[in-house]
Amino acid sequence: MFRALAGALILHERIRTTDAKAKELRRIAERLITRARRLGEVAEADAKDLSPEDLARRLHARRVVARFLPRFGEKADESGEQVEIDLYEKLFAELGPRFRDRNGGYTRIIKVGPRRGDGAPISIIELIGSEGEAQEEEEEIEMGKGKKAAKKDEKKGKKAPAKAAPAKKAAPAKKAAPAKKAAPAKKAAPAKKAAPAKKA
C-alpha cells in the first residue's frame, strides 16, 4: 500500500490521504529523497564518465529505492493523455538536485478535516516546493467547498456568498406545559409473620 502511495507522491508531488497514512508515508518519502540527495552528481552523470565505484553506488541506490517505489507511474498531461513517467529518473534527476541544500524536511502535511461518510481525518501530503496548486485548493477548503461544488456553482452562474446571512429573530418562547399529576403512592405490603422456631 505504501509503495503505491510513495509512487503517487513522487509522481504528483501532492496527494490527499488519511492522517495516519500521511504520517507513515512521510517517513518513507523522506528516506527515498535522502537516498537520491546523497548520491549527488553521480545520479545525473553519464555511465561512461563514472568510475566502477560510482557505478556500484548508483546501482545500489536504485535497488534500494526499488524496494519502496514502483518503476513507472502514469500522469495526465495538459492535453489529457496519459503519459508514463519513470519515477526513478524523477527521483534521482529532479528531486535529488532540488533538495540538495536541504537536510531533511522535504514533505509537508496539511490537515484538511474529516472525510464525508466515515469521518476519517484527511490530510494533504506534499513535497516542499510544489505549492503552485496548493494555495488554490486551500482557499476552496477554507470556503468549505470541494471541487465538485465549485464547478456546480460555475455552471449555474452563482457566486459563493461573500457574507453570512443576517441573523433571524428568535422565535417566541413556548409556554411551559402544565405539570403532570403524580401517581398515587403505593401502600406497603403487609409484613409476613415469622415462622415458629423449631424445637431441637
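Residues numbered from 1 in each chain as written. Predicted model: local features only at pLDDT ≥ 70, side-chain atom pairs only at ≥ 80, totals over all residues. Heavy atoms only, no water.

### Structural notes on the packing of helix α3 (residues 52-66) against helix α4 (residues 87-98)
To characterise two packed helices, one gives the angle between the axes of the helices and the distance between these axes. Across the interface, α3 lies against α4 with an axial gap of 11 Å and an inter-helix angle of 125°. The orientation of α3 relative to α4 falls into the category oblique. The element α3 and its partner α4 pack so that their crossing is right-handed. Together, Ala-61, Arg-62, Val-65 and Ala-66 of α3 and Tyr-88, Glu-89, Leu-91 and Phe-92 of α4 make up the contact between the two elements. Looking at the contact of α3 with α4, its residues break down into six nonpolar, no polar and two charged. (Axes fitted to C-alpha atoms, helices over the stretch in contact; angles between N-to-C directions. Helix = DSSP H or I, 4+ residues; strand = E, 2+ residues; numbered from the N terminus. Parallel < 35°, antiparallel > 145°, perpendicular 65-115°, else oblique. Left-handed = near helix turned anticlockwise from the far one by under 90°. Contact = heavy atoms within 4.5 Å. Nonpolar A, V, L, I, M, F, W, Y, C, P; charged D, E, K, R; others polar.)

### Describing the pairing of strand β3 (residues 82-86)
In the case of a regular strand, side chains alternate between the two sheet surfaces. Two strands pair when backbone bridges link them, and strand β2 (residues 72-76) and β3 are joined in this way by five bridges, in the antiparallel orientation. Note that in β3 the partner of Lys-75 across the bridge is Val-83. The antiparallel pairing of β2 with β3 creates a hairpin that spans five residues between the two strands, and Gly-80 there sits at a positive phi of about 95°. (Pairing = 2+ DSSP bridges.)

### Comments concerning unusual backbone geometry
At Glu-13, a position not held by glycine, the phi torsion is positive, near 65°. On the secondary structure map, Glu-13 appears in the loop between α1 (2-12) and β1 (14-18). Taking relative accessible area as the criterion, Glu-13 reaches 10% and is therefore assigned buried. (Buried < 20%, exposed > 50% of the residue type's maximum accessible area, 1.4 Å probe, protein only.)

### Section: the sheet that holds strand β5 (residues 121-127)
Within a sheet, adjacent strands bond to each other through the backbone by hydrogen bonds, running parallel or antiparallel. Spatially, β1-β5-β4 is the arrangement adopted by the three strands of the open sheet, whose pairing is antiparallel. The open sheet terminates on both sides in strands that have one partner only, identified here as β1 and β4 (107-114). Taking the axes of each pair of neighbouring strands and ignoring which way they run, one obtains an average angle of 25° across the sheet. Sheet topology note: the β4/β5 ladder contains seven bridges and is antiparallel. Residue pairing across strands places Gly-113 opposite Ile-122, the latter belonging to β5. Along the sheet, helix α2 (residues 19-39) makes contact with β1, β4 and β5, crossing β4 at roughly 170°.

### A few points about the packing of α2 against α4
At a closest axis distance of 8 Å, the pairing of α2 and α4 adopts a crossing angle of 80°. With respect to α4, the axis of α2 lies roughly perpendicular. Contacts between α2 and α4 pair Leu-32, Ile-33, Ala-36, Arg-37 and Leu-39 from the former with Leu-91, Phe-92 and Gly-96 from the latter.

### Section: the side chain of Glu-13
Separated by 2.9 Å, the side chains of Glu-13 and Arg-98 make a polar contact. Excluding residues that lie within four positions of it along the chain, Glu-13 makes contacts with Ala-8, Lys-90, Glu-94, Leu-95, Arg-98, Ile-125, Glu-126, Leu-127 and Ser-130. (Polar contact = N/O pair within 3.5 Å; in protein donor to acceptor, adjacent residues only side chain to side chain.)

### A short note on the side chain of Ser-123
Along the chain, the position of Ser-123 falls in strand β5. Residues in contact with Ser-123, not counting those within four places in the same chain, are Ile-15, Arg-16, Thr-17, Thr-18, Asp-19, Ala-22, Ile-109, Ile-110, Lys-111 and Val-112.

Treat this as a map of the structure, not an account of what it does.
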